[in-house]
Amino acid sequence: MDRKRILIADDQADVLEALRFLLKAEGYQTEAVSSPEAVIHALETRDYDALIMDLNYTRDTTSGQEGLDLLGKIQATDPTIPIVVMTAWGSVELAVEAMRRGARDFVQKPWDNARLVSIVKTQLALSEALRKGQRLEAENRLLRAEGKPLMIAEAPSMQPVLQLISRVGPSDANVLITGEPGSGKEVVARTLHAISERASKPLVTVNAGGLAEGIFESELFGHVKGAFTDAKADRVGRFELADTGTLFLDEIANVPFNLQSKLLRVLEIGEMERVGSSKTKRVNVRIISATNANLAEEVANNRFREDLLFRLNTIEIHIPPLRERKEDIPLLASHFLSVYAQRYRKRLLGFDQAAMQALIENAWQGNVRELNHVVERSVLLAQDTQVRLADLALRSSSTGSGRLDDMSLEEVEAFLIKKALARYDGNVSHAANALGLSRSALYRRLQRHNL
Ligand SMILES: Nc1ncnc2c1ncn2[C@@H]1O[C@H](COP(=O)(O)OP(=O)(O)OP(=O)(O)O)[C@@H](O)[C@H]1O
Ligand SMILES: [Mg+2]
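Just so it is clear, the structure is predicted and the values come from calculations on it, not from any experiment.

Caption draft 1: Quick peek at the overall build of the chain. Summing up its helical and strand segments, the chain has 20 helices and 16 strands in all. By the compact-globule yardstick of 22 Å for 451 residues, the chain is too spread out, its C-alpha radius of gyration being 29 Å. Overall size of the chain, expressed as C-alpha extent along the three principal axes, is 95 × 45 × 40 Å. Every one of the 451 residues in the chain was classed for burial, and the buried ones make up 47%. Side-chain charges in the chain split into 58 positive and 61 negative, and the spacing between the mean points of these groups amounts to 3 Å.

Structure representation (structure tokens):
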């Protein structure tokens, strides 16, 4: 357990000395400062678990005004830190005013040691509970409850992938996973985390493709209340959520260029700031990233920073497309069949020969995800104890082209967009990629076609 760190502030050296002595005996770390400016400076540069502060700093003042002003400033810097103020005997009014301005409790000088210690303990416990609550809530939202993923990979072309996974999984090395859409990049990322020493710690995913540029930074790094118009409260970013665990940066090619340098800095020195805060936080995360883009090409076109790529791809794992590991198709198909047969309560024993042949020969541009969906649909359609060729409802490559002849250019465009969206499960980034369009260009077309 880390020892709690308490900041103490008073202009009198003997008071600081006595507090330091008392708190140290209770097992706390302390740091002493003797002016309001030094308090602010300390809070801006380090994390403290609590602050015990005097209200008067200049010898001849007893009004407490300096202390009250300081409380206001702390509210602007770190509104969550528990503060205990010290007041002179008989100035309960002042203590009340201090609590109005954010202090959590007060002691009167000369203080009673036992009472002071008990107040500090209570405040630390309360703030810990609060912080945990905030963290748990955020974790519950973000972390999927799935455990270790099932990964079917027996084809010869998958053996190098499996070897790499077992070699680098347990290390802290950053891994970049590449492969076509639906080829299993997320499955590999989860497997890497599951066999690492961080397995019992969070695996937090950020999908760079799914976030609007404006909120991306605050998703990653969090923000403090007031950092921008919608920042109504402090927010924990995903880097902090993943602390001591693994951060999975999915669709990494979509990280906006101006944020790439910030990302690089966290990866290089393990430090970051919440948006709107100048306070530096340390984070310890392992980075696994994934992309279906060609990052070397993105670098050549000045869309991706080369130094960031070098940080991310300490180890690169490339997953071959499904058409290059056909040996796995029967295993994957049977696995999906039993999953869906159970889910939809159908008694299905397998695929008939023609159906299996068609599965093996299909092009699978959508890779394992497409196979998964085709099997799910066929389970629903099957009327027998075996899935037949017709149940697969595979689009043979010739269908569609006859119809295209009768369409206008506009209709063809709408048709292709719908097809791409269906193939990628409604994922606009992937569909745009496949169509050779930017996301925004695809969005414009979706609007135009009323899709
Ligand atoms: N080797 C595998 N064994 C079992 N299931 C797999 C395997 N590979 C992929 N799948 C399944 O296929 C689907 C797609 O996989 P996944 O989401 O990992 O692909 P992806 O490469 O991340 O896709 P995208 O590029 O679209 O993000 C998931 O349902 C996943 O569980
Ligand atoms: Mg994915």
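Caption draft 2: Representation of the sheet that holds strand S3 (residues 50-54). Read from one edge of the open sheet, five strands run S2-S1-S3-S4-S5, paired in parallel fashion. For this open sheet the edge positions go to strand S2 (29-33) and strand S5 (105-109), each flanked by a neighbour on one side alone. Taking each pair of neighbouring strands and ignoring which way they run, the sheet shows an average axis angle of 20°. As defined by bridge partners, strand S1 (residues 5-9) adjoins S2 across five bridges and the pair is classed as parallel. Note that in S2 the partner of arginine 5 across the bridge is glutamine 29.

Caption draft 3: Summary view of the packing of aromatic side chains. Applying the stated rule across the entire model yields two aromatic pairs. Plain terms: the ring middles of phenylalanine 221 and phenylalanine 239 are 5.6 Å apart, the flat faces sit at 10° to each other, and that makes the pair stacked. With phenylalanine 221 in helix H8 (residues 213-221) and phenylalanine 239 in helix H9 (residues 238-241), this residue pair connects regions lying 18 residues apart in the sequence. With a centroid separation of 6.2 Å and 15° between ring planes, the pair formed by tyrosine 340 and tyrosine 344 is classed as stacked. The class for tyrosine 344 is partly exposed, based on a relative accessible area of 28%. Here arginine 5 stacks its cationic end above the ring of tyrosine 48, 5.6 Å away from the centre of that ring.

Caption draft 4: Expanded view of helix H20 (residues 439-448). Here H20 has its buried residues at Ala441, Leu442 and Leu446. Projected down its long axis, H20 carries its buried residues within an arc of 140°, all on one side. Exposed residues lying more than 90 degrees from the buried face of H20 are Arg444 and Gln447. On its buried face, H20 sits against helix H18 (409-423) and helix H19 (428-435). In the stretch just after H20, asparagine 450 is the one whose phi turns positive, near 60°.

Caption draft 5: Just the confidence of the model for the chain, in detail. Considering every residue of the chain, the mean pLDDT works out to 87; 93% of them sit at 70 or more. No element of the chain has a lower mean pLDDT than helix H17 (residues 401-404), which averages 49, and none a higher one than S1, which averages 97. Counting interchain partners and residues more than four positions distant, the pLDDT-below-50 stretch residues 141-146 has eight contacts. Confidence drops under pLDDT 50 across residues 397-402; counting only partners more than four residues distant or on other chains, this segment forms zero contacts.

The rules we used
- Residues numbered from 1 in each chain as written.
- Chains lettered and ligands numbered in written order.
- Predicted model: local features only at pLDDT ≥ 70, side-chain atom pairs only at ≥ 80, totals over all residues.
- Heavy atoms only, no water.
- Helix = DSSP H or I, 4+ residues; strand = E, 2+ residues; numbered from the N terminus.
- Rg over C-alpha atoms; globule rule 2.2 N^0.38 Å.
- Buried < 20%, exposed > 50% of the residue type's maximum accessible area, 1.4 Å probe, protein only.
- Lys, Arg positive; Asp, Glu negative; His and termini not counted.
- Charge placed at Lys NZ, Arg CZ, Asp CG, Glu CD.
- Pairing = 2+ DSSP bridges.
- Axes fitted to C-alpha atoms, helices over the stretch in contact; angles between N-to-C directions.
- Phe/Tyr/Trp six-rings, centres within 6.5 Å; stacked < 30°, edge-to-face > 60°.
- Lys NZ or Arg CZ within 6 Å of the ring centre and 35° of its normal.
- Arc of directions from axis to C-beta.
- Contact = heavy atoms within 4.5 Å.
- pLDDT = per-residue confidence, 0-100.

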